[in-house]
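Here is what each chain is made of, one letter per residue.
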Amino acid sequence: NAGVTQTPKFRVLKTGQSMTLLCAQDMNHEYMYWYRQDPGMGLRLIHYSVGEGTTAKGEVPDGYNVSRLKKQNFLLGLESAAPSQTSVYFCASSGARTGDFSGANVLTFGAGSRLTVL
Amino acid sequence: GQQVMQIPQYQHVQEGEDFTTYCNSSTTLSNIQWYKQRPGGHPVFLIQLVKSGEVKKQKRLTFQFGEAKKNSSLHITATQTTDVGTYFCAGPEDMIFGNEKLTFGTGTRLTIIP
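Residues numbered from 1 in each chain as written. Chains lettered and ligands numbered in written order. Predicted model: local features only at pLDDT ≥ 70, side-chain atom pairs only at ≥ 80, totals over all residues. Heavy atoms only, no water.

Chemist: Talk me through the overall build of chain B; I want residue IDs and the actual numbers.
Modeler: In terms of regular secondary structure, chain B is built from zero helices and 11 strands. Along chain B, helices (α) and strands (β) appear in the sequence β-β-β-β-β-β-β-β-β-β-β when read from the amino end. For a compact globule of 114 residues, the expected C-alpha radius of gyration is about 13 Å, and chain B comes in at 14 Å, within 12% of that figure. Its C-alpha atoms give chain B principal-axis dimensions of roughly 45 × 30 × 20 Å. Within the span of chain B, comprising 114 residues, buried residues form 49% of the whole. Counted over contacts in chain B with a minimum sequence separation of 6, partners at least 24 positions apart contribute 53%. When the accessible area of chain B is evaluated, it comes to approximately 5400 Å², of which 52% is carbon and sulfur surface. A distance of 4 Å separates the average location of the 11 positive side-chain charges in chain B from that of its 9 negative side-chain charges. (Helix = DSSP H or I, 4+ residues; strand = E, 2+ residues; numbered from the N terminus. Rg over C-alpha atoms; globule rule 2.2 N^0.38 Å. Buried < 20%, exposed > 50% of the residue type's maximum accessible area, 1.4 Å probe, protein only. Contact = heavy atoms within 4.5 Å. Areas by Shrake-Rupley, 256 points an atom, 1.4 Å probe, with all protein chains shown as cover. Lys, Arg positive; Asp, Glu negative; His and termini not counted. Charge placed at Lys NZ, Arg CZ, Asp CG, Glu CD.)

Chemist: Please set out the state of the cysteines residue by residue, giving values where relevant.
Modeler: Per the counting criterion, the structure on display carries two disulfides over all chains. One disulfide in the model links cysteine 23 of chain A with cysteine 91 of chain A; its S-S distance is 1.9 Å. Measuring handedness by torsion sign, the sulfur bridge of cysteine 23 of chain A and cysteine 91 of chain A sits at about -75° and is left-handed. Of this pair, cysteine 23 of chain A sits in strand 3 (residues 19-25) while cysteine 91 of chain A sits in strand 9 (residues 87-94), and the two are 68 residues apart along the sequence. Cysteine 91 of chain A matches cysteine 23 of chain A in its accessibility class, with the two residues each being buried. The residue that forms a disulfide with cysteine 23 of chain B is cysteine 89 of chain B, at a sulfur-sulfur distance of 2.0 Å. (Disulfide = S-S within 2.5 Å.)

Chemist: Talk me through the nonpolar core; I want residue IDs and the actual numbers.
Modeler: Residues Ile32, Trp34 and Phe63 of chain B are the most contacted members of the largest nonpolar core, which totals 19 residues. Put simply, the parts of the chain that give this core at least two residues each are strand 3 (19-25), strand 4 (32-37), strand 5 (44-49), strand 7 (61-65), strand 8 (71-76), strand 9 (85-96) and strand 11 (108-113) of chain B. Those residues in contact with phenylalanine 63 of chain B, other than ones at most four positions away along the chain, are Trp34, Leu46, Ile47, Leu49, Glu54, Val55, Lys56, Gln58, Ser73 and Leu74 of chain B. Ranked by size, the runner-up nonpolar core spans 18 residues in total, among them Val4, Leu21, Trp34 and Cys91 of chain A. (Core = buried A, V, L, I, M, F, W, Y, C linked by side-chain atoms within 4.5 Å.)

Chemist: Any details on the side chain of threonine 20 of chain B? Residues and values, ideally.
Modeler: Relative to the helices and strands, threonine 20 of chain B resides in strand 3. Excluding residues that lie within four positions of it along the chain, threonine 20 of chain B makes contacts with Pro8, Leu74 and His75 of chain B.

Chemist: Give me the lowdown on the sheet that holds strand 1 (residues 4-7) of chain B, citing residues and values where you can.
Modeler: All names here are of chain B. Pairing is antiparallel in the open sheet, where five strands are placed in the order 1-3-8-7-6. Two strands close off the open sheet at either side, each with one partner strand: strand 1 and strand 6 (55-58). Between one strand axis and the next, the sheet turns by 15° as a mean value, whatever way the strands run. In this structure, strand 3 lies alongside strand 8, joined through six bridges in antiparallel fashion. Bridge pairing in strand 8 links threonine 21 to leucine 74. (Pairing = 2+ DSSP bridges. Axes fitted to C-alpha atoms, helices over the stretch in contact; angles between N-to-C directions.)

Rendered as structure tokens:
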């Protein structure tokens, strides 16, 4: 019963390098999200997906790409890393809406991936 | 776009004192969620409020949703060291395929002085 698993947990990159963060969930959730967390900035949505094969931009999508080829996986890619992308990245997932229309669905977060770009 | 603000940004309290954090949205919310993030950890869901004026309690934690559904508060009575962490509120921005995309507040970081 792992929930949401992120890999890697830590990574150091040089400016211009590329990398992919992997998020896997075993709860059969439809919705998946990538957030970044910076001091004093809270959690900001990068990209999200409402189902297998779909992706959409969030609040801060520039410099990132995502893919959702399988329902349980959501990949976040950095094609050319920049120091401004130094951050902690959180993946989250949520199930489809249940109950009355006014209730949002609860997010289950992964443990986070700390990325440093030098 | 929607903005969700929290105050204060930081709060230091003596163990045993009460603590309150406030969340304000620029738009009316259909519901609001609260999450807690321990130092070095990830956000964990605490509670969801849906109805105008709703009040919910979890042991020493009291959550309130404003009558106009634009603000919310979290109050902790008699803080303990286990309460240390950052508390986030989150409100839905808009609908995506029947589900909401959450906007998180900036968080209130609580530290406890033993």
